[in-house]
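# Fold and contact review
Chain residues, written in single-letter form:
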Amino acid sequence: MKPIGPLMWEHRLIEKMLAVAGREEQKIREHRKVDPVFIDTVVDFIRIYADRTHHGKEEDILFRDLANKKMSPEHARIVGELIDEHKYGRATVKRLVEAKNRYLAGEETLPEIAASLADLVAFYPRHIEKEDKHFFFPILNYFSPEEQDGMLREFYEFDRRMIHEKYRKVLEAAGGGTVAWP
């Protein structure tokens, strides 16, 4: 398997969650109420799965390794755009969380919550298309088969550590103290 395989599989799962988020955004607009637990679920999915796990592999492994290659100006430009887009996604999720928290405090933020969900639903498909159709396949040419195999192994190790990172943070947030992990 090529190292882009798991990244593209992750895209399919992200797309499915975005479809659910899009339906919820419509419900918010139609019924004029928010399900805060659903918002928390979407935020957790995007922060942990889409951003920390998926974008983490891209930024911490793929882009790191590409930085050591002599990339074409077009591919270098796309890497910069992708990093900026990851930041945009993080900022949009932050706005969503802040709007939800203000909603729970009694402020009328339904339009802001719906708009943040709509932004995410519109943003991610374009981002995913850029990676899947214009970036992932061409950049494989910068790597030997051995380098690709090593990157795939590193992706698997990254994923293995993620579950421990997530629940270590849950424990710490619950007051369980700081936990060291190898």
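Residues numbered from 1 in each chain as written. Predicted model: local features only at pLDDT ≥ 70, side-chain atom pairs only at ≥ 80, totals over all residues. Heavy atoms only, no water.

### A few points about the overall build of the protein
This is how it is decided: Secondary structure elements are taken from DSSP: a helix is a run of H or I of four residues or more, a strand is a run of E of two residues or more, and numbering for both begins at the N terminus. Working definition: with a 1.4 Å probe on protein chains only, accessible area under 20% of the residue-type maximum means buried, over 50% means exposed, and in between means partly exposed. In what follows, residue pairs with any heavy atoms lying within 4.5 Å of each other are defined as contacts. Method for areas: the Shrake-Rupley scheme with a 1.4 Å probe, in which residue coverage is limited to the protein chains shown.
When you go through the protein residue by residue, the secondary structure sums to six helices and zero strands. Reading the protein from its N terminus to its C terminus gives the helix and strand order α-α-α-α-α-α. Judged by the C-alpha coordinates and their principal axes, the protein covers about 55 × 40 × 25 Å. Across the 182 residues in the protein, those meeting the buried criterion constitute 42%. Counted over contacts in the protein with a minimum sequence separation of 6, partners at least 24 positions apart contribute 81%. Counting only carbon and sulfur atoms, one obtains 57% of the accessible surface of the protein, whose full area is about 9,900 Å².

### So, the confidence of the model for the protein
Note the threshold: Confidence of the prediction at every residue is given by pLDDT, a number between 0 and 100.
Across the protein, pLDDT averages 94, with 98% of residues at or above 70. Within the protein, helix α6 (residues 145-173) has the poorest average pLDDT of any element, 89, and helix α3 (residues 73-104) the best, 98.

### Thoughts on the pattern of salt bridges
This is how the line gets drawn: A side-chain nitrogen of Lys or Arg and a carboxyl oxygen of Asp or Glu constitute a salt bridge if their distance falls within 4 Å.
Counted according to the given criterion, the structure contains 25 salt bridges. For Asp-40, the salt bridge goes to Lys-100, with nearest N and O atoms at 2.6 Å. Taken together, the residues Asp-40 in helix α2 (residues 36-66) and Lys-100 in helix α3 connect sequence positions 60 residues apart. Its relative accessible area of 38% is what places Asp-40 among the partly exposed residues. According to the relative accessible area criterion, Lys-100 is buried, its value standing at 8%. The salt bridge involving Arg-77 is made with Glu-81; its shortest N-O contact spans 2.6 Å. Placement of the pair is Arg-77 and Glu-81 together in helix α3, with a separation of four residues, close to one helical turn. Through salt bridges with shared partners, one network takes in Arg-52, Asp-60, Glu-165 and Lys-169.

### Considering unusual backbone geometry
Phi is positive for Arg-32, close to 60 degrees, though the residue is something other than glycine. Structurally, Arg-32 can be placed in the loop between α1 (4-31) and α2.

### As for the environment of Met-8
Examined against the element boundaries, Met-8 turns out to sit in helix α1. For the pair Met-8 and His-54, spaced 46 residues apart in sequence, the C-alpha to C-alpha distance is 9.6 Å. Other than its neighbours up to four places away in sequence, Met-8 contacts Asp-132, Phe-136 and Phe-137.

### Here we look at the nonpolar core
Note that soluble globular proteins tend to have their nonpolar side chains buried in a common cluster. Keep this limit in mind: Nonpolar core, defined: a set of buried Ala, Val, Leu, Ile, Met, Phe, Trp, Tyr and Cys residues in which side-chain atoms within 4.5 Å join the residues together.
With 25 residues, the main nonpolar core has Ile-28, Ile-39, Ile-46 and Tyr-124 as its most contacted residues. Of the residues forming this core, the biggest block, eight residues, is contributed by helix α4 (residues 110-134).

### Points about the packing of α1 against α2
Packed helices, taken two at a time, are described by the angle between their axes plus the distance between the axes. Counted only if it meets this: Working convention: axes come from line fits to C-alpha atoms, limited for helices to the stretch in contact. Angles between N-to-C directions cover 0 to 180 degrees. Small angles under 35 degrees read as roughly parallel and large ones over 145 as roughly antiparallel, with 65 to 115 read as roughly perpendicular and the rest as oblique. By definition, any crossing whose near helix is turned counterclockwise from its far helix by less than a right angle is left-handed, and any crossing with a clockwise turn is right-handed. By the convention adopted, Pro, Cys, Tyr, Trp, Phe, Met, Ile, Leu, Val and Ala count as nonpolar, Lys, Arg, Asp and Glu as charged, and the other residues, Gly among them, as polar.
Their axes nearest at 11 Å, the elements α1 and α2 cross at an angle of 155 degrees. Taken together, the axes of α1 and α2 lie roughly antiparallel to each other. Considering the relative orientation of α1 and α2, their crossing is left-handed. Residues Leu-7, Glu-10, His-11, Leu-13, Ile-14, Met-17, Val-20, Ala-21, Glu-24 and Ile-28 of α1 form the contact with α2, whose own contacting residues are Phe-38, Ile-39, Thr-41, Val-42, Phe-45, Tyr-49, Ala-50, His-54, Lys-57, Glu-58 and Leu-62. Of the residues in the contact of α1 with α2, the class split is 14 nonpolar, three polar and four charged.

### Here's the deal with the side chain of Gln-148
Residue placement: Gln-148 occurs in helix α6. Residue classification places Gln-148 among the buried positions, given a relative accessible area of 7%. In this view, Gln-148 contacts Lys-2, Pro-3, Leu-140 and Phe-143; residues no more than four positions away in its chain are not counted.

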